Amino acid sequence: MNLARGLERRLENLVDGATASVFKGRMHPVVIGSKVLRQLDFLAEETPAGPQIPNDLVVSLNPLDVDPETDRAALIAELQAVVTESAKEHGWRIVGKPSIHIKTDAQVPRGVLGCAGTVKPGPLDHWAQLIADDGSAVLDVSLNRTIIGRSLDSDIRIANEQVSRHHALVFRVGGSVKIRDLGSSNGTAVNGASVTNAPVPLNPGDNVVLGDLSFTYRPVT
């Protein structure tokens, strides 16, 4: 099942698969979800790690577009899940769990969805680890786009002179995990092959070398 269909089914389940005609001119949850994702495309901003979306979102709708029978708490929970899954699929960086607030405003035209957001860093579950071959460290990867480097502003900091300030980027996109070198002085390698600015896939058990530090890549399910 592709991402779009999977998200559509999540939101359809809120209304037992009811079609848009049942809503009598109101906005179906599937339409709300699609509009939120289109807005996130516009809200994404470029960062050194790549495109980043806000995770604290205010969704504005005309009161007449909101079905009073819809369980709003359930809708918000599903929209938050939709944002999380879409961030992984599109390769968006997100620095905290999504939080969505639905606001009704008569000034919003019928059929239009407004979306504004801010970036609010918060704890995230790690989805992968880089385990040092010498047993000295376990690096938890939690952001969708994670910069590894020696600098204090790196997402994962390695205080080692062989590692550049911004050494490598690990990220998820389209159901895959990839790594690329960020112009490091001492290079990045996967299974003995040098990594350049062009992303290289990461698979479970792969050997990743940053400078002269060797790690094993392990996904966390």
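Analysis parameters
Residues numbered from 1 in each chain as written. Predicted model: local features only at pLDDT ≥ 70, side-chain atom pairs only at ≥ 80, totals over all residues. Heavy atoms only, no water. Helix = DSSP H or I, 4+ residues; strand = E, 2+ residues; numbered from the N terminus. Buried < 20%, exposed > 50% of the residue type's maximum accessible area, 1.4 Å probe, protein only. Contact = heavy atoms within 4.5 Å. Areas by Shrake-Rupley, 256 points an atom, 1.4 Å probe, with all protein chains shown as cover. Phe/Tyr/Trp six-rings, centres within 6.5 Å; stacked < 30°, edge-to-face > 60°. Lys NZ or Arg CZ within 6 Å of the ring centre and 35° of its normal. Pairing = 2+ DSSP bridges. Axes fitted to C-alpha atoms, helices over the stretch in contact; angles between N-to-C directions. Lys, Arg positive; Asp, Glu negative; His and termini not counted. Salt bridge = Lys/Arg side-chain N within 4 Å of Asp/Glu carboxyl O. Polar contact = N/O pair within 3.5 Å; in protein donor to acceptor, adjacent residues only side chain to side chain. Core = buried A, V, L, I, M, F, W, Y, C linked by side-chain atoms within 4.5 Å.

Caption draft 1: Broad picture of the overall build of the chain. Check the secondary structure of the chain and you find 3 helices and 16 strands. Within the chain, the proportion of its 221 residues that are buried is 43%. Pairs at least 24 residues apart make up 56% of the contacts formed inside the chain by residues separated by at least 6 positions. As displayed, the chain has an accessible area near 11100 Å², and 50% of this comes from carbon and sulfur atoms.

Caption draft 2: Here's a closer look at the packing of aromatic side chains. Applying the stated criterion to the full structure yields 0 aromatic pairs. Directly above the ring of Phe171 sits Arg145, whose terminal nitrogen or CZ lies 4.5 Å from the centroid.

Caption draft 3: Summary view of the sheet that holds strand S14 (residues 200-201). Across the sheet, 5 strands lie side by side as S9-S8-S10-S11-S14; this open sheet has mixed pairing. In this open sheet, the two edge strands, each paired with only one partner strand, are strand S9 (156-157) and S14. Strand direction decides the pairing type here: strand S10 (residues 168-173) and strand S11 (residues 176-181), joined by 6 bridges, are antiparallel. Along S11, the bridge assignment pairs Arg172 with Val177.

Caption draft 4: Up close: the sheet that holds strand S3 (residues 56-61). Spatially, the 3 strands line up as an open sheet ordered S4-S3-S5, and their pairing is mixed. Strands with a single pairing partner mark the edges of an open sheet, and in this sheet they are strand S4 (99-104) and strand S5 (113-118). Taken pair by pair, the neighbouring strands of this sheet meet at an average axis angle of 20 degrees, ignoring direction. Pairing between S3 and S4: 6 bridges, direction parallel. The residue of S4 that forms the bridge with Leu57 is Ile100. In the packing of helix H2 (residues 29-43) onto the sheet, contacts are made with S3 and S5, and the angle to S5 comes to roughly 50 degrees. Along the sheet face, helix H3 (residues 72-90) touches S3 and S4 and points at about 130 degrees away from the line of S4.

Caption draft 5: Here's a closer look at the side chain of Arg145. Summarising the element assignment, Arg145 is placed in strand S8 (residues 145-149). The side chain of Arg145 is buried and forms no salt bridge, while Glu46, the nearest opposite charge, is found at 7.0 Å. Within the local environment of Arg145, its side chain forms a polar contact with the backbone oxygen of Ala49, the two atoms lying 2.5 Å apart. Among the polar contacts listed, one links the side chain of Arg145 to the backbone oxygen of Gly91, at a separation of 2.8 Å. Once you skip the residues sitting within four places of it in the chain, Arg145 turns out to touch Ala49, Gly50, Pro51, Gly91, Trp92, Arg93, Asp155, Leu169, Val170 and Phe171.

Caption draft 6: Looking closely at the nonpolar core. Formed by 22 residues in total, the largest nonpolar core has its most connected members in Ile32, Leu40, Val59, Leu61, Val83, Ile100 and Ile102. Elements with a minimum of two residues in this core: H2, S3, H3, S4 and S5. Considering each element in turn, this core owes the most residues, 6 residues, to H3. Filtering out sequence-adjacent residues up to four positions away, Leu61 remains in contact with Met27, Ile32, Val66, Ile102, Lys103, Thr104, Asp105, Val108, Val112 and Leu113. By size, the runner-up hydrophobic cluster in this structure holds 21 residues, among which are Ile148, Val177, Ile179 and Val208.

Caption draft 7: Fine view of the environment of Gly187. By the element assignment, Gly187 lies in the loop between S11 and strand S12 (188-190). With relative accessibility at 23%, the residue Gly187 sits in the partly exposed group. The sequence separation of Gly187 and Ser164 amounts to 23 residues, and the corresponding C-alpha distance is 8.8 Å. The residues touching Gly187, leaving out its near neighbours within four places in the chain, are His167, Asp181, Val209, Leu210 and Gly211.

Caption draft 8: Representation of the environment of Asn203 within the structure. Within the secondary structure layout, Asn203 lies in the loop between S14 and strand S15 (207-210). In this structure the C-alpha to C-alpha distance between Asn203 and Pro219, which are 16 residues apart in sequence, comes to 8.2 Å.

Caption draft 9: The pattern of salt bridges, seen in detail. Tallying each qualifying case throughout the model produces 4 salt bridges. In this structure, the salt-bridge partner of Asp56 is Lys120, at a minimum N-O distance of 3.8 Å. Placement of the pair is Asp56 in strand S3 and Lys120 in the loop between S5 and strand S6 (128-132), with a sequence separation of 64 residues. Residue Lys120 is classed as partly exposed on the basis of its relative accessible area, which comes to 47%. The salt bridge involving Arg93 is made with Asp155; its shortest N-O contact spans 2.8 Å.

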